[in-house]
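Structural description and commentary
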Protein chains: 2
Amino acid sequence: MAEKFVSEKNLKFMIYEVFDAEALTKYPYFAEHSREVFDMVIDAGLKMGRDLFKPIFSEMDKKAPVFEDGSVKVHPAVREIMRASGEGGWIGAHAPFESGGQQLPLTIGTAFRFILTAANYSASVYPFLTSGAAHLINSFGSDELKEKYIEKMFSGEWQGTMAMTEPQAGSSLTDLSTTADPTDEEYYKLKGQKIFISAGDHDGVDNVVHLLIGKIRGAPPGVKGISLFVVPKLRPGDDGGLEPNDVAVTTIYHKLGYRGAPITQLSFGENGDCRAYLVGEPHQGLKYMFQMMNEARIDVGLGATGIASAAYYASLEYCGERLQGRKITSKDPLQPQIPIIEHADIKRMLLFQRAVVDGALSIVLQCAKWSDMGMMSEGEEKEKYELLLDLLTPIAKSYPSEMGICSVSQGLQCLGGYGYCDEFPLEQYYRDARIHPIHEGTTGIQGMDLLGRKVVMKNGKAFSLYLEEIAKTVKQAQSKEESALLAQDLEKAVELLKEVTAHVTGIAIKGEIELFLADATLYLEMFGIVCVAWQWLLQAVNALNGLDKKSSGPDADFYRGKLFTAKYFFAYELPKIEGLATRLKNSDGLTVEMQEEYFND
Amino acid sequence: MAEKFVSEKNLKFMIYEVFDAEALTKYPYFAEHSREVFDMVIDAGLKMGRDLFKPIFSEMDKKAPVFEDGSVKVHPAVREIMRASGEGGWIGAHAPFESGGQQLPLTIGTAFRFILTAANYSASVYPFLTSGAAHLINSFGSDELKEKYIEKMFSGEWQGTMAMTEPQAGSSLTDLSTTADPTDEEYYKLKGQKIFISAGDHDGVDNVVHLLIGKIRGAPPGVKGISLFVVPKLRPGDDGGLEPNDVAVTTIYHKLGYRGAPITQLSFGENGDCRAYLVGEPHQGLKYMFQMMNEARIDVGLGATGIASAAYYASLEYCGERLQGRKITSKDPLQPQIPIIEHADIKRMLLFQRAVVDGALSIVLQCAKWSDMGMMSEGEEKEKYELLLDLLTPIAKSYPSEMGICSVSQGLQCLGGYGYCDEFPLEQYYRDARIHPIHEGTTGIQGMDLLGRKVVMKNGKAFSLYLEEIAKTVKQAQSKEESALLAQDLEKAVELLKEVTAHVTGIAIKGEIELFLADATLYLEMFGIVCVAWQWLLQAVNALNGLDKKSSGPDADFYRGKLFTAKYFFAYELPKIEGLATRLKNSDGLTVEMQEEYFND
């Protein structure tokens with residue numbers, strides 16, 4: 001069984017050389033930290049991943065949660081995982097010291113979480129979902145809510161969830177029907193159903209805290225009437241006791257993968273005794289929820305990258321060991337067979353995986369860095385980072401999710417028949433990875449978000465700022481010949497992206513909104529490829545800088561590997577935008593005009 | 001649960017309108033058949049699929065074969081499936097009357113098999129693998145072998161297998177080590193191991209007959225020393241009795257999908273008493289086996305198409321029923337929600353699936369038609385069909401396999417969270433589909449076969465003949481404006497393919513063989529897309545002819561749907577060759593030059 005699931009060397013290259021996380025410690029808010037602390041965080045993550053998460057990766061899949069007598073039983077290690085995550089301070093890692101957090105930069109926390117998602121994605125969901133839920137209470141909740149919930153969530157004793165989806169609504173949040181009736185007390189009485197709630201109930205914690213959106217009776221129709229509530233499974237009394245809050249599990253789903261975590265269907269207030277506590281102002285819930293949602297989207301990208309990383313290293317190990325065939329130029333059957341990693345087509349499959357994994361990780365870390373920079377900045381500078389983060393959130397969610405699947409699939413393919421069998425971990429990675437284009441907003445939703453909102457918002461300001469960022473990297477790259485060649489290709493790609501963007505937004509200007517968004521998913525794909533090309537150029541620039549310092553030995557090999565992979569991305573992946581651009585510039589309205597009855601056959 | 005898994009209307013359009021199967025009945029060999037007989041075959045397939053195969057689709061997955069006390073127990077319905085397939089004459093459908101077959105054209109038999117693979121892929125493997133094995137004995141075996149085995153195989157009492165892969169050899173047949181020692185009798189004594197043998201043993205039949213390749217002791221090294229043997233699990237005596245033949249199951253594999261059929265690891269001759277019966281001449285085994293292998297490759301394409309078909313209709317049904325959201329142009333939350341099939345992005349996902357399913361089916365049927373025509377022809381004409389079939393076999397294997405996965409994945413995506421759950425069949429289709437790029441020669445192997453052998457064989461004669469076939473369709477398409485526009489695009493695509501082919505074969509001419517084949521998988525992909533575009537043009541031409549006859553009603557809707565899907569393929573899929581061509585014309589040797597140590601990180 002493959003041992004390695006992430007590359008420590010690569011992770012440190014990314015956070016220190018590419019994204020210069022150390023520079024963050026110059027800000028007073030992060031001044032308590034240092035490179036040594038960051039290194040300790042990575043070490044702690046690797047240790048937790050290796051000792052606690054990875055050993056039960058396959059077992060949590062095989063012994064999936066069960067729903068018995070109205071409650072959900074999960075693998076016994078979940079309690080240990082929540083406890084260790086709480087005690088280590090990892091659930092509250094990014095919260096300020098005064099809230100009981102560690103005030104850790106998101107850039108570092110993201111690297112930490114990456115390790116654990118790669119070690120065991122299902123296991124990582126429990127603590128990090130709790131993180132996001134607690135952060136939401138911290139950001140918009142009353143002091144009383146904070147006091148009652150945060151500590152128990154940060155300690156890992158209580159699970160946090162995000163409760164959005166309803167059976168009749170799916171992705172259409174306009175159609176939520178969970179209703180909150182005001183009372184004379186400080187709470188509302190809630191009634192409704194939620195589906196697909198990750199970790200919505202389980203016996204690895206003492207309580208579950210739902211961050212739930214619903215509507216106060218009489219609220220405006222549609223998304224403008226959505227409010228955010230804290231709805232505990234057991235409500236904490238002032239005496240510290242817990243009493244049932246009329247939240248019931250209706251069922252759990254049996255899933256293709258991601259089986260270590262229970263996805264639940266929940267019923268609230270069947271007996272008229274479910275109390276919901278408003279977070280912030282009434283009818284502002286969707287805005288608040290988007291904080292958690294946006295974090296969750298980037299976390300999905302991170303998780304997808306983690307799974308692809310583990311699959312890549314498992315296949316890399318196999319390819320280095322498995323003997324089969326000979327060089328195409330020496331077919332003599334009397335010669336010994338060679339490890340398959342020596343075949344060009346296998347190297348192509350491995351380079352593809354590495355290009356996706358390191359490229360996807362790069363976008364996610366870029367977003368984390370912008371998030372940190374936004375928090376450290378004010379005024380226009382702050383707005384810049386926030387806009388950049390907004391713009392790239394759908395990319396950070398969808399690129400790793402979609403390409404992660406392709407990457408894992410190539411990993412599986414490297415193992416041939418063994419990849420299809422459960423004696424190797426690839427088949428599980430393949431199943432686990434498939435959730436990511438679905439949850440926290442499908443790829444289709446991300447496409448509409450990118451093109452219909454993000455690219456055009458504030459007259460395209462985010463997009464312009466983004467192009468400036470790319471231009472900076474292109475400039476850096478021009479100083480060395482190897483990177484200058486890649487920079488040229490990137491500039492051409494950016495020109496094509498601008499051309500396509502002008503074309504499709506031109507359709508919007510003409511008022512043909514359905515046509516404008518008809519190929520938004522393809523636009524998202526094209527945008528994602530250009531974005532990852534940019535991130536690979538950034539990595540290539542830093543790899544060349546590294547080679548200036550070390551021109552032989554393992555570090556030099558690493559930097560050369562980086563350069564090969566960057567070149568791979570530019571040679572094999574970037575050209576895919578040509579076909580996408582051809583389609584996007586067409587706008588014949590084919591999918592708008594296709595009629596339902598033409599599907600009858 | 002979705003009921004429909006294939007479209008009868010589409011299948012009949014393909015076999016009668018596109019491929020004119022009726023014309024085959026003009027040949028004396030097929031003169032006993034008629035359109036009525038063909039219709040009865042399709043009806044029988046639909047009935048078997050609906051009543052026998054589909055009802056146990058999910059159950060065969062959940063109750064996978066078990067290996068107990070040295071033998072393999074499969075779902076009890078397998079015996080019924082083999083019996084019904086035998087009694088209906090389906091296992092020997094293509095064999096001549098005098099061998100106990102039905103002398104049915106492969107075109108029709110392929111349509112029949114397509115239905116059953118779509119109904120339940122795992123179940124379909126048992127009879128059709130037996131078909132291929134029996135055909136191999138029929139083609140090259142002695143009269144005695146034919147007499148002993150064919151009848152029992154055609155009746156479904158005995159299972160046939162193809163036993164090629166060995167643990168140490170994998171795809172490298174050069175390295176087979178299973179050894180046959182000559183004896184004074186009419187048999188050899190066999191010793192060796194085979195892995196990944198589909199239906200290699202089970203209790204749904206009374207005997208298993210392995211068509212096995214190995215080496216006679218002292219044979220020339222490499223593939224030139226491979227011989228083909230019949231190796232029964234139980235050897236039939238002259239008295240009709242069966243005695244053990246020292247063939248043991250070592251284990252069965254636990255797989256991601258395709259769970260209804262047992263994949264076994266077999267050990268031959270552990271006790272020195274395994275008799276193997278030579279088929280044909282010594283050392284000619286690989287040539288013989290390639291008959292079964294080539295059939296099996298096209299069958300893999302067919303099975304992949306079948307799974308994608310079932311997944312498509314399941315998702316189509318869901319999209320027509322599931323209400324969610326509103327038209328992008330009418331966001332009023334007080335209006336009722338609409339079926340998601342009305343959203344352009346959903347229509348795009350459905351059109352993509354249909355484009356893949358009908359396109360893949362088209363290639364497979366094209367190959368079947370060529371096979372029938374080859375059998376009916378002589379001399380140069382026969383050579384033409386055989387060369388065309390040889391050329392397109394890797395495409396018929398790999399395009400449906402690779403794109404089938406993408407298609408099923410889009411089907412799953414249409415269902416959102418439900419697609420990931422086992423209450424809908426998509427997750428099983430997703431698991432089942434993943435086998436196809438692996439078995440019967442991986443996609444990488446198909447790429448090398450296409451570029452390294454097929455395109456260049458006989459000085460590119462097959463490729464030239466293929467271009468002539470395309471040119472004929474282009475000419476037909478020029479008579480109507482709608483198809484003429486598509487024909488123009490196809491001509492450009494063919495020019496690009498010729499350009500790329502000239503470029504890469506130019507590298508071969510320079511003797512740089514490793515570089516020549518380094519991107520063979522991408523060449524295969526590009527070739528496949530152009531090929532399917534051609535098949536879509538052929539379908540468009542016939543759909544337009546159909547519309548001439550019926551311009552309203554369900555038939556007209558069907559033809560219009562065909563045209564939309566053809567246009568979809570040309571607008572969304574064909575442009576993908578642009579990026580592929582860019583890469584293929586580059587030949588920078590990136591994957592050749594990448595060193596193993598650069599992967600260390």
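Rules of the game
- Residues numbered from 1 in each chain as written.
- Chains lettered and ligands numbered in written order.
- Predicted model: local features only at pLDDT ≥ 70, side-chain atom pairs only at ≥ 80, totals over all residues.
- Heavy atoms only, no water.
- Helix = DSSP H or I, 4+ residues; strand = E, 2+ residues; numbered from the N terminus.
- Rg over C-alpha atoms; globule rule 2.2 N^0.38 Å.
- Buried < 20%, exposed > 50% of the residue type's maximum accessible area, 1.4 Å probe, protein only.
- Areas by Shrake-Rupley, 256 points an atom, 1.4 Å probe, with all protein chains shown as cover.
- Lys, Arg positive; Asp, Glu negative; His and termini not counted.
- Charge placed at Lys NZ, Arg CZ, Asp CG, Glu CD.
- Disulfide = S-S within 2.5 Å.
- Least-squares fit on C-alpha atoms with pLDDT ≥ 70 in both.
- Contact = heavy atoms within 4.5 Å.
- Axes fitted to C-alpha atoms, helices over the stretch in contact; angles between N-to-C directions.
- Parallel < 35°, antiparallel > 145°, perpendicular 65-115°, else oblique.
- Left-handed = near helix turned anticlockwise from the far one by under 90°.
- Nonpolar A, V, L, I, M, F, W, Y, C, P; charged D, E, K, R; others polar.
- Expected span 1.5 Å × (residues − 1).
- Salt bridge = Lys/Arg side-chain N within 4 Å of Asp/Glu carboxyl O.
- Buried area = accessible area lost by both parts, 1.4 Å probe.
- Polar contact = N/O pair within 3.5 Å; in protein donor to acceptor, adjacent residues only side chain to side chain.
- Pairing = 2+ DSSP bridges.
- Phe/Tyr/Trp six-rings, centres within 6.5 Å; stacked < 30°, edge-to-face > 60°.
- Lys NZ or Arg CZ within 6 Å of the ring centre and 35° of its normal.

Examining the overall build of chain A
- Scanning chain A for helices and strands turns up 19 helices and 12 strands.
- The C-alpha radius of gyration of chain A comes to 24 Å, within 12% of the 25 Å expected for a compact globule of 601 residues.
- With the principal axes as the frame, chain A shows a C-alpha extent of 80 × 65 × 60 Å.
- For chain A, the proportion of its 601 residues judged to be buried stands at 65%.
- Counting only carbon and sulfur atoms, one obtains 51% of the accessible surface of chain A, whose full area is about 20900 Å².
- For chain A, the distance from the average position of its 61 positive side-chain charges to the average position of its 82 negative side-chain charges is 4 Å.

Brief notes about the state of the cysteines
- As enumerated under the stated definition, the model contains zero disulfides over all chains in all.
- Looking at Cys-421 of chain A, it has no disulfide partner, and the nearest cysteine sulfur is the one in Cys-414 of chain A, 15 Å off.

Topic: the relation of the copies chain B and chain A
- Superposing chain B onto chain A takes a rotation of 180 degrees plus a shift of 0.0 Å along the axis, which leaves an RMSD of 0.0 Å. In symmetry terms, the pair is related by a two-fold rotation axis.
- A share of 100% of the interface residues of chain B reappears at the interface of chain A, consistent with the copies meeting face to face through the same patch.

Re the packing of helix α5 (residues 106-119) of chain A against helix α8 (residues 285-321) of chain A
Residues and elements named next belong to chain A.
- Remark: α5 packs on α8, axes separated minimally by 7 Å, with the N-to-C direction vectors making an angle of 50 degrees. Taken together, α5 and α8 sit at an angle that is classed as oblique. Judged by the twist between their axes, the crossing of α5 over α8 is right-handed. The segment α5 lies against α8, with Thr-110, Arg-113, Phe-114, Thr-117 and Ala-118 engaging Asp-299, Leu-302, Gly-303, Thr-305, Gly-306, Ile-307, Ser-309 and Ala-310.
- Classifying every residue of the contact of α5 with α8 by side-chain character gives five nonpolar, six polar and two charged.

Considering helix α7 (residues 143-154) of chain A
- Spanning 12 residues, α7 of chain A covers 16 Å between terminal C-alpha atoms, matching the ideal 16 Å at 1.5 Å per step.
- Directly after α7 of chain A, the chain includes Gly-156 of chain A, whose backbone phi takes a positive value near 85 degrees.

Describing the pattern of salt bridges
- A full pass over the atoms with the stated rule returns 84 salt bridges over all chains.
- Between Lys-327 of chain A and Glu-514 of chain B there is a salt bridge, and its shortest N-O distance comes to 3.0 Å. Of this pair, Lys-327 of chain A sits in the loop between α8 and α9 (344-376) while Glu-514 of chain B sits in helix α15 (residues 513-518), placing the two residues on different chains.
- Since its relative accessible area comes to 23%, Lys-327 of chain A is described here as partly exposed.
- One salt bridge in this structure joins Arg-354 of chain A and Asp-601 of chain B, with 3.9 Å as the shortest N-O distance. Within this pair, whereas Arg-354 of chain A is found in helix α9, its partner Asp-601 of chain B is found in the segment after α19 (590-593), the two belonging to separate chains.
- One salt-bridge network, in which partners are shared between bridges, spans Lys-4, Arg-354, Asp-358 and Lys-562 of chain A together with Asp-601 of chain B.

With respect to the interface of chain B and chain A
- On the side of chain A, 103 residues touch chain B, which itself brings 103 residues to the contact.
- Contact between chain B and chain A buries roughly 8800 Å² in total, counting both sides, with carbon and sulfur atoms accounting for 60%.
- The largest share of the area that chain B buries against chain A comes from Tyr-420, Phe-599 and Asp-601 of chain B, three residues that together contribute 11% of it.
- Residues Arg-326 of chain B and Asp-175 of chain A are paired through a salt bridge, measuring 2.5 Å at the closest nitrogen-oxygen approach.
- Linking chain B with chain A are 48 residue pairs in polar contact (both at pLDDT 80 or more), by the criterion used here.
- No other element matches helix α17 (residues 554-573) of chain B, which puts nine residues into the side of chain B that touches chain A.
- The residue makeup of the side of chain B that touches chain A, split by class, is 44 nonpolar, 28 polar and 31 charged.

Considering the pairing of strand β5 (residues 188-198) of chain B
Residues and elements named next belong to chain B.
- Across four bridges, the pairing between strand β4 (residues 179-182) and β5 is antiparallel. By the bridge assignment for β5, Asp-181 is matched with Lys-189.
- Where β4 hands over to β5, the hairpin turn is made up of five residues, counted between the paired strands.
- Two elements, β5 and strand β11 (residues 263-268), share five bridges in a ladder whose sense is antiparallel. For Lys-194, the partnering residue across the bridge sits in β11 and is Leu-266.

Some points on the environment of Gly-306 of chain B
Residue and element names in this part refer to chain B.
- Along the chain, Gly-306 turns up in helix α8 (residues 285-321).
- By relative accessible area, Gly-306 is classed as buried at 0%.
- Residues Gly-306 and Tyr-429 lie 123 residues apart in sequence; the distance between their C-alpha atoms is 9.9 Å.
- Ignoring anything within four residues of it in the chain, the contact list for Gly-306 reads Phe-114, Thr-117 and Ala-118.

Some remarks on the packing of aromatic side chains
- One pass over the structure, following the stated rule, counts 47 aromatic pairs over all chains.
- The structure contains a cluster of three or more aromatic residues connected by ring pairs, namely Trp-370, Phe-463, Tyr-466, Tyr-523, Phe-527 and Trp-534 of chain A.
- The ring of Tyr-430 of chain A carries the charged tip of Arg-434 of chain B above its face, separated from the ring centre by 5.7 Å.

Quick look at the side chain of Ser-122 of chain B
- Among the secondary structure elements, Ser-122 of chain B is positioned in helix α6 (residues 121-140).
- Those residues in contact with Ser-122 of chain B that lie beyond four places of it in its chain are Tyr-258, Arg-259, Gly-260 and Ala-261 of chain B.

So, the side chain of His-33 of chain A
Residues and elements named next belong to chain A.
- You can see His-33 is positioned in the loop between α1 (8-18) and α2 (35-53).
- On the basis of relative accessible area, His-33 is assigned to the buried category, the value being 11%.
- Among the polar contacts listed, one links the side chain of His-33 to the backbone oxygen of Gln-103, at a separation of 2.9 Å.

Structural notes on the environment of Glu-270 of chain A
All names here are of chain A.
- Among the structural elements, Glu-270 can be located in the loop between β11 (263-268) and β12 (275-279).
- On the basis of relative accessibility, which here comes to 55%, the residue Glu-270 falls in the exposed class.
- In the structure, Glu-270 is positioned 277 residues away from Leu-547 in sequence and 65 Å away in space, judged by C-alpha atoms.
- With near-sequence residues (within four places) excluded, Glu-270 lies in contact with Lys-191 and Asp-246.
- Within the structure, the side chain of Glu-270 is placed 3.0 Å from the side chain of Ser-267, a separation counted as a polar contact.

Interpretation note: all reported values are geometric properties and have no functional meaning in isolation.
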